[in-house]
Amino acid sequence: MQSATSSQLGLTHRTGSLQESLSGKVILTVAASAFVAVCAHISLPLPFTPVPLTLQNFAVILVGMLLGPVAGFSAMVLYLAEGAMGLPVFTPHSIGGIAHLLGPNAGYLFSYPLAAATAGWAVRAMQRITTPFRAGLVAATVASAPIFILGAGWLAHLLHTSAAATWTMAIAPFLPGEVVKITAAAGIFSSIKRWRQS
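Residues numbered from 1 in each chain as written. Predicted model: local features only at pLDDT ≥ 70, side-chain atom pairs only at ≥ 80, totals over all residues. Heavy atoms only, no water.

A. Inspection of the overall build of the chain at higher detail. In terms of helices and strands, the chain carries 9 helices and 2 strands. Counting from the amino terminus, the chain carries its helices and strands in the arrangement α-α-β-β-α-α-α-α-α-α-α. Expressed as a percentage of the 198 residues in the chain, the buried residues total 40%. In the chain, the share of contacts with a sequence separation of at least 24, taken over all contacts with a separation of at least 6, comes to 69%. Carbon and sulfur atoms make up 73% of the accessible area of the chain, which amounts to about 10300 Å² in all. (Helix = DSSP H or I, 4+ residues; strand = E, 2+ residues; numbered from the N terminus. Buried < 20%, exposed > 50% of the residue type's maximum accessible area, 1.4 Å probe, protein only. Contact = heavy atoms within 4.5 Å. Areas by Shrake-Rupley, 256 points an atom, 1.4 Å probe, with all protein chains shown as cover.)

Structure below.
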């Protein structure tokens, strides 16, 4: 019994060491950028806005909560760099490359490093005073703010739209889906947290 417990503790220690090592962080960062790319391809174009409905926000927030502010920020910078180099990491309905980073969705994309860092910081701060699920809900909600603010702001600037038109094209259609994404990200974060502690 003692040897089995010691073996389990050793495995937990090795897993933790991997997550703390430089090579482990690099692997997690690359994997996180790939995860966001996959979620970007789950995309539905909408006829009344140049902004498609995707799972990117969900992925960005979850990555930030799981990896923390620094690694989450780094993963999203890597994701943007991959897209700028022409890799197919953005929504399939876009032209890709640098042109996509200057188009209507640029504000959303450039908010991702900030959103991931915010999610990572907020969830760690909130975990001290509440459950992982509630911490995830608060962190995901707070992290959604820069996504919508920068996304809508850039779209309004680029298309010279009024506040009402910007609300209709860049924010309102996505709020119901965002509630689902926030809840799902918090639930997955909470489940992974419990699994790590078991």
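B. Seen up close, empty space enclosed by the protein. The tally for this structure, following the rule as stated, stands at 1 cavity of 30 Å³ or more. Reported here for the largest cavity is a volume of approximately 190 Å³. Lining the largest cavity are 15 residues, with Val51, Pro52, Thr54, Asn57 and Tyr112 sitting closest to its centre. Contributing elements (two or more residues each) for the lining of the largest cavity: helix 3 (56-67) and helix 6 (106-126). Counting residues per element, the lining of the largest cavity draws most heavily on helix 6, which supplies 3 residues. Among the residues forming the lining of the largest cavity, the class breakdown is 8 nonpolar, 6 polar and 1 charged. (1 Å grid on protein atoms, 1.4 Å probe; cavity = no way out; pocket = protein on both sides within 12 Å on 5 of 7 lines; lining within 4 Å. Points joined across faces, edges and corners; volume = space filled by probe spheres on them. Nonpolar A, V, L, I, M, F, W, Y, C, P; charged D, E, K, R; others polar.)

C. View of the side chain of threonine 118. Relative to the assigned elements, threonine 118 resides in helix 6. Leaving out residues up to four positions away in the same chain, threonine 118 has contacts with Val142 and Ala143.

D. Region of interest: the nonpolar core. Formed by 44 residues in total, the largest nonpolar core has its most connected members in Met65, Met76, Tyr79 and Tyr112. Only helix 2 (22-40), helix 3, helix 4 (69-84), helix 6, helix 7 (132-159), helix 8 (163-171) and helix 9 (175-197) provide two or more residues apiece to this core. Those residues in contact with methionine 76 that sit more than four places away from it in its chain are Ala32, Val36, Val60, Val63, Tyr112, Pro113 and Ala116. (Core = buried A, V, L, I, M, F, W, Y, C linked by side-chain atoms within 4.5 Å.)

E. Representation of a nonpolar patch on the surface. Judged by side-chain polarity, Leu22, Val26 and Val30 come together as a nonpolar surface patch covering roughly 290 Å² of accessible area. Checked against the element boundaries, leucine 22 lands in helix 2. A residue is classified by how much of its surface remains accessible, and leucine 22, at 66% relative accessible area, is exposed. (Patch = residues over 30% accessible without salt bridge, like charges linked within 9 Å, V, L, I, M, F, W, Y side chains within 5 Å. Salt bridge = Lys/Arg side-chain N within 4 Å of Asp/Glu carboxyl O.)

F. Broad picture of the side chain of glutamate 82. Note that glutamate 82 resides in helix 4. The buried charged residue glutamate 82 lacks any salt bridge partner; its closest oppositely charged side chain belongs to lysine 25, at an N-O distance of 19 Å. Aside from chain neighbours lying at most four places away, what touches glutamate 82 is Ser33, Leu87 and Val89. (Lys, Arg positive; Asp, Glu negative; His and termini not counted.)

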